Amino acid sequence: MWATACLIVIIAASACGSGDKTSPRTAVAASCQGIDDLDSYRYSIVVKLQAPAFETKPGASPAAPLGEFAETLTALLSDFEIRGAHVAPDRTQAILQFEEDEVEVRAIGDRRWERFGTTWEQQTTPSPEIEFLTPSIVCEDIVLEIADGLDLSQAQEEEVNGVETARYTLDKADLSLLPQLLGTDPDTELPDEFQVDVWLAKDGEWPVKLDINAEDTAEQGNPLSMKLFMELRDVNDRGISIDEPVVNAPTG
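Keep in mind it's a predicted model, so treat the numbers as computed, not measured. (Residues numbered from 1 in each chain as written. Predicted model: local features only at pLDDT ≥ 70, side-chain atom pairs only at ≥ 80, totals over all residues. Heavy atoms only, no water.)

A. Molecular detail of the overall build of the chain. Along the backbone of the chain there are five helices and eleven strands. Relative to its 252 residues, the chain shows a buried fraction of 47%. Counted over contacts in the chain with a minimum sequence separation of 6, partners at least 24 positions apart contribute 65%. Accessible surface, the chain as shown: approximately 13000 Å² in total, 47% of it carbon and sulfur. (Helix = DSSP H or I, 4+ residues; strand = E, 2+ residues; numbered from the N terminus. Buried < 20%, exposed > 50% of the residue type's maximum accessible area, 1.4 Å probe, protein only. Contact = heavy atoms within 4.5 Å. Areas by Shrake-Rupley, 256 points an atom, 1.4 Å probe, with all protein chains shown as cover.)

Below you can see the structure in the form of structure tokens.
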């Protein structure tokens, strides 16, 4: 599921990172290593997809039809939220909520447990079908792409969850090359509204917060929207603990 979510945002991020380079920019260096260097943190990641916020004009070339892309995403992806935590060096937790279901994964070293509902099971081998978005994945696959389109001179100082950050914003004006990146007709319409906000820590330039939003309106007047939100909080909080769960005893 996370791979589908990444696909949506990577398209948006790549478009932002490939904007107009004619005006001089002072490069922004984002770093994912800073996340790995933290002693501990909690995080949230939210993905919401009403429908892809891109629509092709009638008569446009169907070489890479966004309509089919939309149908695929709608079929594969539902709104979901991930709440997680990490305690160095090797304790992680992630709780995935989507629709009415909840899945939790905990890992301590090379040991891993999974919970479906209220039932915990220890995994003798990792389950490849359960993969979660994590701050490191979002940073590597999205934030690093966005960074290429950021302008250091436009940074605004803000404190986010106790961390001093520099906030950068990208909007529809930075998306002029999106149709070419998608391989669609140059007349492909862009979203009515599109904005990316990313907050990078002043110390280490790792992403403390990310907020991507796109909105549009279908021909029938139905709203279309996409959102990805991530934030880290309780950074280096010694009160965060991730313990081995009580595994349900086998029955029968």
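B. Inspection of the pairing of strand S9 (residues 193-201) at higher detail. Counting buried residues along S9, seven of its nine residues qualify, which places the element largely inside the surrounding structure. Bridge count between S9 and strand S10 (residues 207-217): eight bridges; the pairing is antiparallel. Note on S10: the bridge partner recorded for Asp197 is Asp211. Turn length for the S9-S10 hairpin, with the two strands adjacent in sequence and antiparallel, is five residues, and the turn residue Gly204 shows positive phi of about 110°. (Pairing = 2+ DSSP bridges.)

C. Highlighting a negative patch on the surface. Taken together, the side chains of Asp79, Glu99, Glu100 and Asp101 define an acidic patch exposed on the protein surface. Here Asp101 shows up in strand S4 (residues 101-108). (Patch = residues over 30% accessible without salt bridge, like charges linked within 9 Å, V, L, I, M, F, W, Y side chains within 5 Å. Salt bridge = Lys/Arg side-chain N within 4 Å of Asp/Glu carboxyl O. Lys, Arg positive; Asp, Glu negative; His and termini not counted. Charge placed at Lys NZ, Arg CZ, Asp CG, Glu CD.)

Read these as layout, nothing more, since geometry by itself doesn't imply function.
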